[in-house]
Amino acid sequence: MSNTQINLKSLIGDHTTEEFLKLLKSRTPFISHGNSESLKDLMSLPFLDSVGNLAACWLDTVDVFNSEIADEISKSSVSPEDALHEYNNGSCILFNDVNRMIPEFDMWNQQIRKEIGFSELSFVRNLVYATPAGKGNAPHFDQNFNFVIQLSGTKKWWLAKNNTINNPMTRHVIGHPVDHELEGYSTKEFPESFPADCTEYILEPGSILFVPRGVWHMTEAVTDAVSFNFTFTPPTWIDIATTALREKLSHNEKWRESAILDNNGSNNNEFNKLIKGLSADVENWQSADFLDITEHQEL
Ligand SMILES: [Fe+2]
């Protein structure tokens, strides 16, 4: 491997980091073409050269999408040999967590995570999708941020603004049941078809598409196509607060007490006392009290 690092700059085209952060925060997608040179450390890896090579090197199962559903909600995990066979017969296949194969990937992932300012609690991984010509993904949104790098072939993407829910914490596929928690905090009905007001993007080898959290998208491969994703699932403030709160409360043996309910489970004096004490404490808390717990853990 040469020494041209993959970092945030490699993924954001002509944008500055500041411009990119504005796009990320406003959930604005963008595409950048002709990045094969700056991504050569990735694009020239022999095992990513073809679906056959990747399958031959792969030591785990591969996900094969049910072609009726065309989404990861309906998939089977099979051997790499069987997956290659399914791919050659027209099924989309997914190699999950490719970062397990090469240590540089995790190094790049963590470098990019830090440059963006995502917490150490972020879940970061790489995925490789192999999509036969004419096939693609059903319309959906994800709860994560994706940089999609086209390694080979041509693929069309359609993206549309999500006017139903901001900051979803789970994904949703149009036409399928809504996740229970997602339904709980959504105030609008989810659409039954892909929004007509969408933008088409055509990805060629070396193209990078930024797909922000919550943006509707669907795809179709024009030719057999392989893409590599940098997928970032950062914690929400809810996650940061509850993780740090758990750590803080764990220092108090009263909070560590096994919960035993009285009054048919609707009231408990001991718990009321703990909650009162907590609300008094909360007034003095600052963000640093939480972030000191969740961040800077890496050596
Ligand atoms: Fe997606």
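Because the structure is a prediction, the values reported are computed rather than measured. (Residues numbered from 1 in each chain as written. Predicted model: local features only at pLDDT ≥ 70, side-chain atom pairs only at ≥ 80, totals over all residues. Heavy atoms only, no water.)

One can find Asn35 in the loop between β1 (30-32) and α3 (40-43). The contact partners of Asn35, leaving out residues within four places of it in the chain, are Gly206, Ser207 and Ile208. (Helix = DSSP H or I, 4+ residues; strand = E, 2+ residues; numbered from the N terminus. Contact = heavy atoms within 4.5 Å.)

Attention now moves to the environment of Asn252. Assignment of secondary structure puts Asn252 in the loop between α8 (237-249) and α9 (269-282). A residue is classified by how much of its surface remains accessible, and Asn252, at 32% relative accessible area, is partly exposed. Along the backbone, Asn252 and Ala288 are 36 residues apart, and their C-alpha atoms lie at a distance of 20 Å. (Buried < 20%, exposed > 50% of the residue type's maximum accessible area, 1.4 Å probe, protein only.)

The next point concerns the coordination of the iron ion. Protein-derived coordination of the iron ion comes from His140 (NE2), Asp142 (OD) and His217 (NE2), at a distance range of 2.1 to 2.2 Å. For Asp142, a relative accessible area of 10% corresponds to the buried category. (Donors = N, O, S within 2.8 Å, 3.2 Å for Na, K, Ca; no water.)

When the parts of a complex come together, some accessible area is lost, and that lost area is often taken as the interface size. The domains assigned to the protein are domain 1 (8-235) and domain 2 (238-294). Using C-alpha coordinates to define each centre, domain 1 is positioned 37 Å away from domain 2. Between domain 1 and domain 2, a total of about 380 Å² is buried, with carbon and sulfur atoms accounting for 73% of that surface. Contact with domain 2 buries area across many residues of domain 1, yet Leu121, Met169 and Pro235 alone supply 81% of it, more than any other trio. In this assembly, domain 1 and domain 2 are joined by 0 salt bridges. At the junction of domain 1 with domain 2, the criterion picks out 0 residue pairs in polar contact (both at pLDDT 80 or more). (Domains from an automatic or database assignment. Buried area = accessible area lost by both parts, 1.4 Å probe. Salt bridge = Lys/Arg side-chain N within 4 Å of Asp/Glu carboxyl O. Polar contact = N/O pair within 3.5 Å; in protein donor to acceptor, adjacent residues only side chain to side chain.)

Turning our attention to the packing of aromatic side chains. One pass over the structure, following the stated rule, counts 19 aromatic pairs. With a centroid separation of 5.4 Å and 75° between ring planes, the pair formed by Trp285 and Phe290 is classed as edge-to-face. With a relative accessible area of 21%, Trp285 lands in the partly exposed category. A relative accessible area of 16% places Phe290 in the buried class. Through successive ring pairs, a cluster of aromatic residues spans Phe20, Phe30, Phe118, Phe145, Phe147, Phe210 and Phe232. One residue, Lys248, lies across the ring of Phe290, its end atom 5.8 Å from the ring centre. (Phe/Tyr/Trp six-rings, centres within 6.5 Å; stacked < 30°, edge-to-face > 60°. Lys NZ or Arg CZ within 6 Å of the ring centre and 35° of its normal.)

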